[in-house]
Amino acid sequence: DNCKGMRKLAMNLLLKRPAKEALLAALAPQDWARHLSSLSRLAWNKAVSVRLGGAMPLRPVPGDFVWDGKAGEPRPVTAKEVSEDRWHLS
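Not measured: the values here are computed from a predicted model.

**Some details on the overall build of the protein chain**
Within the protein chain, the secondary structure is distributed over 4 helices and 2 strands. Taken from the N to the C terminus, the helices and strands of the protein chain come in the order α-α-α-β-β-α. Since a compact globule built from 90 residues should have a radius of gyration of about 12 Å, the 18 Å found for the protein chain marks it as more spread out than a globular shape. Residues counted as buried form 16% of the 90 residues belonging to the protein chain. A separation of at least 24 residues holds for 17% of the contacts in the protein chain among residues at least 6 apart in sequence. Accessible surface, the protein chain: about 7,400 Å² in total, of which carbon and sulfur atoms supply 63%.

Written out as structure tokens, the structure is:
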């Protein structure tokens, strides 16, 4: 059943329907809660596997978030900061 929903979503997106409209057509709103929390984990796992798999450098790229100790919150790294080469992923 999940495969049919994913196939329907993929087909709607391939037909260039808006993402929200494609999602509504593929998955009933009451089922969203069950799947929505999985999306962030899936996106995070994909990003980490790409980074650690060697497809991206093991250093921040512009737009990656770093912790700003002065502001006490995360912020994106600028291209200038990356070019200074003082960042290393831990």
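**As for the pattern of salt bridges**
It is possible for side chains bearing opposite charge to pair when their charged atoms get close. If you walk through the whole model with that rule in mind, you get 3 salt bridges. The partner of Arg75 in a salt bridge is Asp68, with the nearest N and O atoms 3.1 Å apart. Looking at Arg75, the relative accessible area reads 22%, which means it is partly exposed. It is possible to trace a salt-bridge network through shared partners that takes in Asp68, Arg75 and Glu81.

**A look at the side chain of Asp68**
Among the secondary structure elements, Asp68 is positioned in strand β1 (residues 65-68). In terms of polar contacts, Asp68 uses its side chain to reach the backbone amide nitrogen of Lys70, at 3.1 Å. The contacts of Asp68, once residues within four sequence positions are left out, are Glu73, Pro74 and Arg75.

**Thoughts on the pairing of strand β2 (residues 73-76)**
Here 4 bridges tie β1 to β2, and the two strands are oriented antiparallel to one another. Each residue of the ladder has a partner; that of Trp67, found in β2, is Pro74. Adjacent in sequence and paired antiparallel, β1 and β2 are bridged by 4 residues, among which Gly72 carries a positive phi angle near 75°.

**Let's talk about the environment of Asp64**
Note that Asp64 resides in the loop between α3 (29-52) and β1. Sequence separation of Asp64 and Ala25 is 39 residues, and the distance between their C-alpha atoms is 33 Å. Excluding residues that lie within four positions of it along the chain, Asp64 makes contacts with Arg51, Arg59, Arg75, Pro76 and Val77.

**Here's the deal with a nonpolar patch on the surface**
A cluster of nonpolar side chains, namely Leu36, Leu39 and Leu42, defines an oily patch on the protein surface of about 310 Å² accessible area. Assignment of secondary structure puts Leu36 in helix α3.

**Some words on unusual backbone geometry**
Notably, Lys16 is not glycine yet its phi reads approximately 65°, a positive angle. The class of Lys16 is exposed, set by a relative accessible area of 74%.

Reading the values: rules and limits
- Residues numbered from 1 in each chain as written.
- Predicted model: local features only at pLDDT ≥ 70, side-chain atom pairs only at ≥ 80, totals over all residues.
- Heavy atoms only, no water.
- Helix = DSSP H or I, 4+ residues; strand = E, 2+ residues; numbered from the N terminus.
- Rg over C-alpha atoms; globule rule 2.2 N^0.38 Å.
- Buried < 20%, exposed > 50% of the residue type's maximum accessible area, 1.4 Å probe, protein only.
- Contact = heavy atoms within 4.5 Å.
- Areas by Shrake-Rupley, 256 points an atom, 1.4 Å probe, with all protein chains shown as cover.
- Salt bridge = Lys/Arg side-chain N within 4 Å of Asp/Glu carboxyl O.
- Polar contact = N/O pair within 3.5 Å; in protein donor to acceptor, adjacent residues only side chain to side chain.
- Pairing = 2+ DSSP bridges.
- Patch = residues over 30% accessible without salt bridge, like charges linked within 9 Å, V, L, I, M, F, W, Y side chains within 5 Å.

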